[in-house]
Each structure stands twice: as C-alpha cells, then as structure tokens.
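The chain contents come next:
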Amino acid sequence: ALFTSFLLLVYSYAVPPLHAGLASTTPEAAASCSPPVLEPEAVNRANGSRGECQPRRNIVFLKTHKTASSTLLNILFRFGQKHRLKFAFPNGRNDFDYPTFFARSLVRDYRPGACFNIICNHMRFHYDEVRGLVPPNAIFITVLRDPARLFESSFHYFGPVVPLTWKLSGGDKLAEFLQNPDRYYDPNGFNAHYLRNLLFFDLGYDNGLDPGSPQVQEHILEVERRFHLVLLQEYFDESLVLLKDLLCWELEDVLYFKLNARRDSPVPRLSGEMYGRATAWNMLDAHLYRHFNASFWRKVEAFGQERMAREVAALRHANERMRTICIDGGHAVDAAAIQDEAMQPWQPLGTKSILGYNLKKSIGQRHAQLCRRMLTPEIQYLMDLGANLWVTKLWKFIRDFLRW
C-alpha cells in the first residue's frame, strides 16, 4: 500500500521538462484572445439560421469524469485534426495536473499571448485562466450525468486509488460505504474528491459546501452564464444534435462509438434506497443536474421536438452504418479480446474492466481513416496528435511491469 501510494504521488506531481513546439497555427489560432467575450445568447444570435452560419472552430470542453466525456473528446480530436486546428495540450500528462486548478503555465509550449482553438483535456476548471487562451468567440461546453449513476461509476473506477475505500471489507463496498459515508469519508484524504460531488469539483467549486448555502445556486447560475451548452450523458444523441446546431457542424462531425465504457459489474446497480442515498451524498451535483436538465429540455423545445426526433434518428442511423463498416463483430469486447495494442483503452488500477473494439481488417479506402480515428482510445489519439505523454507512459510502464 505504501509503495502504491508513493507511485501515485510520483504520477500526480511529476513535473515534465520543457520541449519543442507541436501544432501548426491557423488564422483562427493566431487571433487575439483578449477582446470582449460574447455571452451564450449573443453567440446563438450571431450564428443566425442554419443556412447562414459558419462552422465554429474555437471550443473549450470541460471534460468531466465518468460522463461519456471520452466519447465527446474523440469527436473534438477528429474535428481538430481534420481542420488542422491548434490544441492546448498538457505537458507530459493526459490531464492538466488534475486535481489542481488549471493554469495557463500547464499548457505545452505556452507563451504569454498564445492562443488556441481547442482545449479539451481533464482539468479542474479555472475560468479566467482558460478564457485567456482562446479567441473571444470560443464556445464553452461541458457534460453532466445523473449524480447517483456518476458516483457509482466513479466509485468502481477510481476506488482502488482512493485510500479511504481500502477500509471497506464487504463484497459490495459501494453499498457498505453508502450505509454510513461519514464514517469513511475524509474530505482531505488522497483522491477523496472522486467520491463526492465530482461535477461540482471539476467545475472548480468547493464540493464540500452545505447544500443549503446560497453559494450553491450562485455557482450554478455562473456555470449557466459561462457555458453555451451543457450536454447530458443520459440524452447523448439529443445533446449532440444541439451541439451540431450550435457549432454549425455536419452530421459526420458528430458520429461516434461509445468509448471508455465499463464492463457490467457483478455487483447490482444502485436502485431504490441506495440510489437515494447516493443522490443525497452528492446533493450539490444533484442541484446542478436538476437545473441543467430543465434548461436542456427548454433548448430541445426551442429547437423543435419533431426536428429533434428526425435528427436523432439520422444520427443513430449513421452511427449504425459506421458500426457495420468499422467494427469487427459489431460490438465492444473485453480488453483481453482486443487484437491491436493501438486499440487498447486505458484501464483502472487493478482490473481490466474497460471495453474496447477490434477494427475490421477489410475496410474500403473511403472509410478506413474515419473508422480508425473513431475507434482510437484517448491516450493513443493524443500521441497521434503529437502530445508528449512521458509521465503517463512512465506510469503505464510501471503498471505493466508490476502487472497492476
């Protein structure tokens, strides 16, 4: 346990060396990042009707944890690669020194005045630091998930690297924890943020606030002012339709396969009383989710219910077509069944519970590149884009050597 903790600390706090530049700049990337910022409503008005709008290429995606964010990340990687946009990548890792607050100095090759098209890796959000790195017309987006389901997923995925869970001895550690969370939870414990109000934490707020504090609603309204669109994991297709419309993108730009999905756990999913306990334990996230669930459906209503149904059907049909073209066997498989190392997703410590895909061996030239890009896991795609992940690769080498 001590050795594991030491290696986790090395991984968390290693400082990578400086190195040479990465992406070529575009006219948009060279734009000034300092003029006044357009509010979300102004962006929608500026876009005008679908026939008049131009594709938006400056995007900040706050990548929240366990919310289908890896799937959305793949969409952004593909769009940025296709249009040769400039990404703000971390320096040595696949996140911006999470869970510390984001700072511009964490961006690879950052220099004062530097401007980027897309920021999308995990971070603990700091609006002012992020705002200064993108042009004034940048679109801010994020994605939320039902807090009880998110907590369940986070507990299973991150539990092995949260020492407070090591005290749990039962076969169903999640249920044991929820019976009396205050007995086990230490807000100052290593990685404890993964186990309470993780959405609030990722957004840069205090995840230990009293749910009745007026600050909670103030923070929620601040998120609403700063983000042009908040997607919902449970309504992912509808969210992508709204995103496509906001960004004036084409259908092909938002095609996806579900990435970083967890194999079904032998432990039953939360239901009934345990679901209620998980929601109560994550009440800040529950308030946040309820607010944006309501605003999401107002956006759908404004978009048009019939139009939404048509576009969701078109997206699902196109995704299904790509599935038959790209995926060997037509479905995700366990890590042990993945034949190409380049398609192996990053696994949580101690288990290989994340599913991946096998690429079909015979794909026509028209779809070969798109298929591979759609199926490439996050770490490998970052390296394909030129990101330097020496800390992440060192950590993987240690894990593989010790067979963790």
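These lines cover the structure that appears in this document, whether it is placed above or below.

What counts and what doesn't
- Residues numbered from 1 in each chain as written.
- Predicted model: local features only at pLDDT ≥ 70, side-chain atom pairs only at ≥ 80, totals over all residues.
- Heavy atoms only, no water.
- Buried < 20%, exposed > 50% of the residue type's maximum accessible area, 1.4 Å probe, protein only.
- Helix = DSSP H or I, 4+ residues; strand = E, 2+ residues; numbered from the N terminus.
- Pairing = 2+ DSSP bridges.
- Expected span 1.5 Å × (residues − 1).
- Arc of directions from axis to C-beta.

### Description of the pairing of strand β3 (residues 139-144)
Both faces of the sheet carry side chains from a regular strand, because those side chains alternate between them. With respect to burial, β3 is a largely interior element, 6 of its 6 residues being buried. Burial along β3 is two-sided: Ile139, Ile141 and Val143 facing one way and Phe140, Thr142 and Leu144 facing the other are all buried. As paired elements, strand β1 (residues 59-62) and β3 share 4 bridges and run parallel to each other. Paired with Ile59 across the two strands is Ile139, which belongs to β3. As judged from the 4 bridges shared by β3 and strand β4 (residues 229-232), these two strands associate in the parallel manner. What sits directly across from Val143, in β4, is Leu231.

### Some points on helix α13 (residues 305-326)
In this model α13 runs 31 Å from its N-terminal to its C-terminal C-alpha over 22 residues, within 8% of the 32 Å that 1.5 Å per residue would give. Those residues of α13 lying buried are Met308, Val312, Leu315, Ala318, Asn319, Met322, Ile325 and Cys326. Down the axis, α13 shows its buried residues gathered within 150° of arc, on one side only. For α13, the exposed residues set more than 90 degrees away from the buried face come down to Glu306, Arg310 and His317.

### What about the sheet that holds β1?
Spatial strand order, β2-β1-β3-β4: 4 strands in an open sheet with parallel pairing. Lying at the two open borders of the sheet, with one neighbouring strand each, are β2 (118-119) and β4. Bridge count for β1 against β2 is 2 bridges, and the pairing is parallel. Residue pairing for β2: Val60 is matched across the bridge by Ile119.

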